[in-house]
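Survey of secondary and tertiary structure
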Amino acid sequence: MSNRKFYESELEALNQALIGMGQAAADAVENALQALCAGDAAAAAEVVKGDAGINTMERGIEHRCMTLLLRQQPVAGDLRQVTASLKVVTDLERIGDHAADIAEIVPHLHEMSKAGEPVLNEAVQMGRSAHQMILNAMDAFVRQDEAAARAVILSDDTVDYAFDSIKRMLGQRLAADPEEVDLVMDLLIVIKYLERIGDHAVNLAEWVQFVRTGKYKNEDMF
């Protein structure tokens with residue numbers, strides 16, 4: 001096998017590893033949302049437990065990237081792809097962390113889940129939007145599709161709007177019954193984590209531009 005063929009096979013293996021980690025992070029968010037919706041503490045505990053696996057994937061991909069950088073000395077687009085992959089795994093790891101953070105709050109919201117509270121349903125719907133952003137962002141990154149990446153970035157407005165709307169609902173609920181402060185604060189933390197998940201999905205999409213053009217929204221980071 002020629003050096004170039006070998007290198008291309010290594011890049012493909014890197015892409016497959018990223019796809020696997022991206023799916024694991026997205027699944028963690030989906031499972032946390034399902035646990036939240038059902039008030040299922042056992043399912044939530046599995047999400048928390050599973051975060052270690054995502055962390056292991058991150059370390060494996062980082063090792064793969066560093067090996068490519070040191071042994072193959074990639075140039076131009078290949079270098080950008082490997083460099084962006086190192087950044088992508090950081091965002092994916094944070095998404096996994098936030099999914100675990102949400103899962104840890106699930107037992108505190110058991111009664112709200114049981115009662116089928118509208119505000120909780122709104123939060124779950126917000127989470128599903130953020131979850132879809134992860135899937136779309138990873139697809140755009142793997143295919144290097146700039147149009148799809150831009151669509152992900154624009155879709156973050158939906159998550160941000162939901163965050164503001166739910167925050168107002170929680171404020172009204174607290175004003176009506178100050179004794180619900182703990183419940184309100186727990187759910188406020190949940191939607192803040194979901195909003196951050198959406199932000200990380202935007203980051204994933206923005207790395208497409210870097211690989212394609214060498215430019216990134218925040219040039220100061222390089």
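Residues numbered from 1 in each chain as written. Predicted model: local features only at pLDDT ≥ 70, side-chain atom pairs only at ≥ 80, totals over all residues. Heavy atoms only, no water.

1. Here's the deal with the packing of helix H5 (residues 118-143) against helix H7 (residues 181-213)
For the record, the criterion: Axes here mean lines fitted to C-alpha atoms, for a helix over just the part in contact, with angles spanning 0 to 180 degrees between N-to-C directions. Each helix is a run of DSSP H or I of at least 4 residues and each strand a run of E of at least 2, with the numbering of both proceeding from the N terminus. Put simply, angles under 35 degrees are roughly parallel, angles over 145 are roughly antiparallel, angles from 65 to 115 are roughly perpendicular, and the rest are oblique. Handedness of a helix crossing follows the sense of rotation of the near helix relative to the far helix, less than a right angle counterclockwise being left-handed and clockwise being right-handed. For this scheme, ten residues count as nonpolar: Ala, Val, Leu, Ile, Met, Phe, Trp, Tyr, Cys and Pro. Four count as charged, namely Asp, Glu, Lys and Arg, and the remainder, Gly too, count as polar.
It is at 9 Å that the axes of H5 and H7 come closest, and there the two elements cross at 15 degrees. One way to sum up the angle between H5 and H7 is to call them roughly parallel. Considering the relative orientation of H5 and H7, their crossing is left-handed. Broken down by class, the residue content of the contact of H5 with H7 amounts to 22 nonpolar, 2 polar and 1 charged.

2. Examining the packing of H5 against helix H6 (residues 146-176)
Geometry of a packed helix pair, given as the angle between the helix axes and the separation of the axes. Direction vectors running N to C along H5 and H6 enclose 165 degrees, while the axes themselves pass 9 Å from each other. Classified by the angle between their axes, H5 and H6 sit roughly antiparallel to one another. Crossing hand, H5 versus H6: left-handed. Within the contact of H5 with H6, the residues separate by chemical class into 16 nonpolar, 4 polar and 4 charged.

3. Overview of the side chain of Asp97
The following threshold applies: Contacts are assigned to residue pairs that have any heavy atoms within 4.5 Å of one another.
Note on placement: Asp97 falls in helix H3 (residues 76-105). Once residues within four sequence positions are removed from consideration, Asp97 is found in contact with Asp51 and Asn55.

4. Brief notes about the confidence of the model for the chain
Applied cut-off: What pLDDT conveys is the predictor's confidence in a given residue, as a value from 0 to 100.
For the chain, per-residue confidence averages 91 on the pLDDT scale, and 92% of positions sit at 70 or higher. The lowest-confidence element of the chain is helix H4 (residues 110-115), averaging 73 in pLDDT; the highest-confidence one is H5, averaging 96.

5. Side note on the UniProt feature "domain: PhoU" (unreviewed entry) in the chain
Rule in force here: UniProt positions are given in the numbering used here, feature names are shortened, and annotations may be inferred rather than shown by experiment.
Per the UniProt record, the feature "domain: PhoU" (unreviewed entry) sits at residues 20-106 and 125-208. Helix makes up 93% of residues 125-208 and strand 0%, and the two end C-alpha atoms of the span are 27 Å apart.

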